[in-house]
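Here is how the chains run, residue by residue.
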Amino acid sequence: MPRLHTYEVSVTWTGNRGSGTSSYRDYGRDHQVAAEGRPPIEASSEPPFRGDPARWNPELELTAALSQCHMLWYLHLCAVSGVVVTSYSDDAHGVMEETEDGGGQFTEVVLRPRVTVSSPEMVDAAMRLHEEAHAKCFIARSVNFPVRHEAVVAGPP
């Protein structure tokens, strides 16, 4: 029987400038994302939609979630496969297409993990494990757009 996991998150709008949503330009897009026992995330909408560029937005959060999920699965798979990762970073790139009616959707996310392993003999296995990490990633399996990988794995310097 599958195990069920649930996630409770509170989102609170903090952008009332005194007149609520009396007009499109009169309210802020600022909000706070919170979960019990964790520091809140100060968020907004993306700047083209009148958001605060200093805050996280849902599009960044989705791109980050895909990158984080892939990394966590990848590190787990490397650990259980005897591949010793000594560094990992990713510069993920999300693409959202806005439609003429003002809606839109993500069309892809490209993950660009750069991995260093402790031995040159581990490079091939480390590259292959990216495919398995992608196949197991909870977030990647849940989205309806492609998540591609442009991984680079190197041995020790």
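Each remark here, short or long, concerns the structure printed above.
Given the structure is predicted, the values throughout are model-derived calculations rather than measurements.

Definitions and cut-offs
- Residues numbered from 1 in each chain as written.
- Predicted model: local features only at pLDDT ≥ 70, side-chain atom pairs only at ≥ 80, totals over all residues.
- Heavy atoms only, no water.
- Helix = DSSP H or I, 4+ residues; strand = E, 2+ residues; numbered from the N terminus.
- Buried < 20%, exposed > 50% of the residue type's maximum accessible area, 1.4 Å probe, protein only.
- Contact = heavy atoms within 4.5 Å.
- Polar contact = N/O pair within 3.5 Å; in protein donor to acceptor, adjacent residues only side chain to side chain.
- Phe/Tyr/Trp six-rings, centres within 6.5 Å; stacked < 30°, edge-to-face > 60°.
- Lys NZ or Arg CZ within 6 Å of the ring centre and 35° of its normal.
- Salt bridge = Lys/Arg side-chain N within 4 Å of Asp/Glu carboxyl O.
- Pairing = 2+ DSSP bridges.
- Axes fitted to C-alpha atoms, helices over the stretch in contact; angles between N-to-C directions.

Chemist: Hey, could you go over the side chain of histidine 130 for me, with residue numbers and the actual values?
Modeler: Relative to the helices and strands, histidine 130 is located in helix α2 (residues 123-136). Residue class for histidine 130 comes out buried when judged on its relative accessible area of 4%.

Chemist: Provide a residue-level description of the environment of arginine 114, including the pertinent values.
Modeler: Relative to the helices and strands, arginine 114 resides in strand β7 (residues 113-117). Note: C-alpha distance between arginine 114 and alanine 154 (40 residues apart in sequence) is 8.1 Å. What arginine 114 contacts, discounting residues up to four positions off in sequence, is Ser87, Tyr88, Ser89, Asp91 and Val152. A polar atom in the side chain of arginine 114 sits 2.9 Å from the side chain of aspartate 91.

Chemist: Residues and numbers for the packing of aromatic side chains, please.
Modeler: Two measures describe an aromatic ring pair: the distance that separates the ring centres and the angle between the ring planes. Applying the stated criterion across every chain yields a total of 4 aromatic pairs. Taking 6.3 Å as the distance between ring centres and 75° as the angle between the ring planes, the aromatic pair formed by tryptophan 13 and tyrosine 27 counts as edge-to-face. Here tryptophan 13, found in strand β1 (residues 10-13), pairs with tyrosine 27, found in the loop between β1 and β2 (31-34); they are 14 residues apart in sequence, far enough to count as distant. The exposure class assigned to tryptophan 13 is partly exposed, which follows from its relative accessible area of 41%. Measuring from centroid to centroid gives 5.7 Å for tryptophan 73 and phenylalanine 138, while their planes differ by 75°, and the two rings are edge-to-face. With tryptophan 73 in helix α1 (residues 58-81) and phenylalanine 138 in the loop between α2 and β8 (147-149), this pair connects stretches of sequence that are 65 residues apart. Its end group placed over the ring of tyrosine 24, arginine 29 keeps NZ or CZ at 4.5 Å from the ring centre. Directly above the aromatic system of tyrosine 27 lies the positively charged group of arginine 29, at a separation of 3.8 Å from the ring centroid.

Chemist: Can you explain the pattern of salt bridges? Please cite residues and give values.
Modeler: As a working rule, side chains carrying opposite charge can pair if their charged atoms are close by. One pass over the full model with this rule turns up 7 salt bridges. Between arginine 55 and aspartate 52 there is a salt bridge, with its nearest N and O atoms 3.6 Å apart. If you follow the salt bridges from partner to partner, you end up with Asp30, Glu42, Asp52 and Arg55 in one network.

Chemist: Explain the sheet that holds strand β6 (residues 104-111) to me, using residue names and the numbers behind them.
Modeler: Strand order in the open sheet formed by 3 strands is β5-β6-β8, with mixed pairing between adjacent strands. The sheet is open, and its two borders are formed by β5 (93-98) and β8, each paired with just one other strand. Within this sheet the neighbouring strands show an average axis-to-axis angle of 20°, counted without direction. In this sheet, β8 lies alongside β6 in parallel orientation, the contact comprising 3 bridges. Bridging across to β8, leucine 111 finds its partner in histidine 149. Its contacts with the sheet place α1 against β5, β6 and β8, and it is angled at close to 35° to β6.

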